[in-house]
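# Observations on the three-dimensional arrangement
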Amino acid sequence: MSHATSRTFSSDFKRFFVRGLVVLLPSVLTLWIVVKAYQFVDTTIAQPINSGIKTALVQATGFWAPLQQSFDPSDEQLVEAIRKDNQARRVPLTPDRATAELGPTVRTRLRAEAIRTWWGERWYMDLIGLMVAVIAVYIAGRLLGGFVGRTLYKKLEGLITQVPIFKQVYPYVKQV
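The sections below set out a description of the structure shown in this document. (Residues numbered from 1 in each chain as written. Predicted model: local features only at pLDDT ≥ 70, side-chain atom pairs only at ≥ 80, totals over all residues. Heavy atoms only, no water.)

### Structural notes on the overall build of the chain
Check the secondary structure of the chain and you find seven helices and zero strands. Ordering the α and β elements of the chain from the N terminus gives α-α-α-α-α-α-α. Radius of gyration (C-alpha) of the chain: 29 Å, far over the 16 Å computed for a compact globule of 176 residues. Projected onto the principal axes, the alpha-carbon positions of the chain cover approximately 105 × 55 × 35 Å. In the chain, which comprises 176 residues, the share counted as buried stands at 17%. Considering only contacts in the chain between residues 6 or more positions apart, those separated by 24 or more positions represent 55%. (Helix = DSSP H or I, 4+ residues; strand = E, 2+ residues; numbered from the N terminus. Rg over C-alpha atoms; globule rule 2.2 N^0.38 Å. Buried < 20%, exposed > 50% of the residue type's maximum accessible area, 1.4 Å probe, protein only. Contact = heavy atoms within 4.5 Å.)

Next comes the structure, spelled out in structure tokens:
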């Protein structure tokens, strides 16, 4: 005679919850790790690269005619910005002196604003830093793949594992 097991909501819930957790957890955890890795690379590598590119564009605009045509402020914009900056000073300068003293700084600021606006209107420009980061990691992998790179990596790894705090953490991070 077979024994009828009584099923309660509580026992069914526990069983199906654990089943669902076993099925979903690896996928959700993998997705979370991939998203966090992307955020890390974007924040710590790609954004600083993009900032450097923007700064280089601001600096190069003063010397390269095609960039000047795109990003240099018009004379009217420059005069208006100098006038506003001069009015904001405690002791305003004469118009000629304000142009001489404030002009280069204001021109650079307006260039930077124009480049930030231009960059912000093109979402795909933020991918430049990410692509540079990926290429840099690829090159590092290629360099470390050779005999000299492997030798240097082993020596560097030996140094890292001698540092007290790193010695406890590094092997586990490397295993992951």
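### Points about the side chain of E157
Along the chain, the position of E157 falls in helix α6 (residues 147–160). Those residues in contact with E157, other than ones at most four positions away along the chain, are Y170 and K174.

### What to know about the pattern of salt bridges
As enumerated under the stated definition, the model contains nine salt bridges in all. Close ionic contact of R7 with D12 constitutes a salt bridge, the shortest N to O distance being 3.9 Å. Where R107 meets D72, a salt bridge forms, and the shortest distance between an N and an O atom there is 3.9 Å. Placement of R107 in helix α4 (residues 95–120) and of D72 in the loop between α2 (65–71) and α3 (75–88) is noted, with a sequence separation of 35 residues between them. The structure contains a network of salt bridges with shared partners spanning R7, D12 and R15. (Salt bridge = Lys/Arg side-chain N within 4 Å of Asp/Glu carboxyl O.)

### What to know about helix α1 (residues 9–61)
The sharpest bend along α1 measures roughly 40 degrees and falls at D42. For α1, the complete set of buried residues consists of D42, A46, N50, L57, V58 and T61. Structurally, α1 contributes buried residues whose contacts are with α2, α4 and α5 (127–145). (Bend = angle between axes of the 7 residues up to and from the residue.)

### A few points about the packing of aromatic side chains
Between two aromatic rings, the relevant description is the distance of the centres plus the angle of the planes. Using the criterion set out here, one finds five aromatic pairs in the structure. Judged by centre distance (6.5 Å) and plane angle (70 degrees), the rings of W118 and W119 are edge-to-face. Judged by its relative accessible area of 3%, W119 is buried. Taking 5.9 Å as the distance between ring centres and 80 degrees as the angle between the ring planes, the aromatic pair formed by W123 and Y124 counts as edge-to-face. On the basis of relative accessible area, Y124 is assigned to the partly exposed category, the value being 43%. Grouped by ring-pair contacts, the aromatic residues F9, F13 and F17 constitute a single cluster. (Phe/Tyr/Trp six-rings, centres within 6.5 Å; stacked < 30°, edge-to-face > 60°.)

### What about the packing of α5 against α6?
Direction vectors running N to C along α5 and α6 enclose 95 degrees, while the axes themselves pass 4 Å from each other. Judged by the inter-axis angle, α5 sits roughly perpendicular to α6. Where α5 abuts α6, its residues L143, L144 and G145 lie against F147, G149, R150 and Y153. (Axes fitted to C-alpha atoms, helices over the stretch in contact; angles between N-to-C directions. Parallel < 35°, antiparallel > 145°, perpendicular 65-115°, else oblique.)

### Observations concerning the environment of Q39
Among the secondary structure elements, Q39 is positioned in helix α1. C-alpha of Q39 to C-alpha of Y138: the two residues are 99 residues apart in sequence and 19 Å apart in space.

### Focus: the packing of α1 against α4
Closest axis-to-axis distance for the α1/α4 pair is 9 Å, and the angle between their directions is 135 degrees. Comparing their axes, α4 and α1 come out oblique. Crossing of α1 against α4: the hand is right-handed. Contact residues: α1 offers N50, I53, K54, L57, V58 and T61, while α4 offers T108, R111, A112, I115 and W119. (Left-handed = near helix turned anticlockwise from the far one by under 90°.)

### Some details on the environment of T44
Within the secondary structure, T44 sits in helix α1. As for T44 and A133, which are separated by 89 residues in sequence, their C-alpha atoms are 9.9 Å apart. For T44, the side chain forms a polar contact with the main-chain oxygen of F40, separated by 2.6 Å. (Polar contact = N/O pair within 3.5 Å; in protein donor to acceptor, adjacent residues only side chain to side chain.)

Read these as geometric descriptors, not functional statements.
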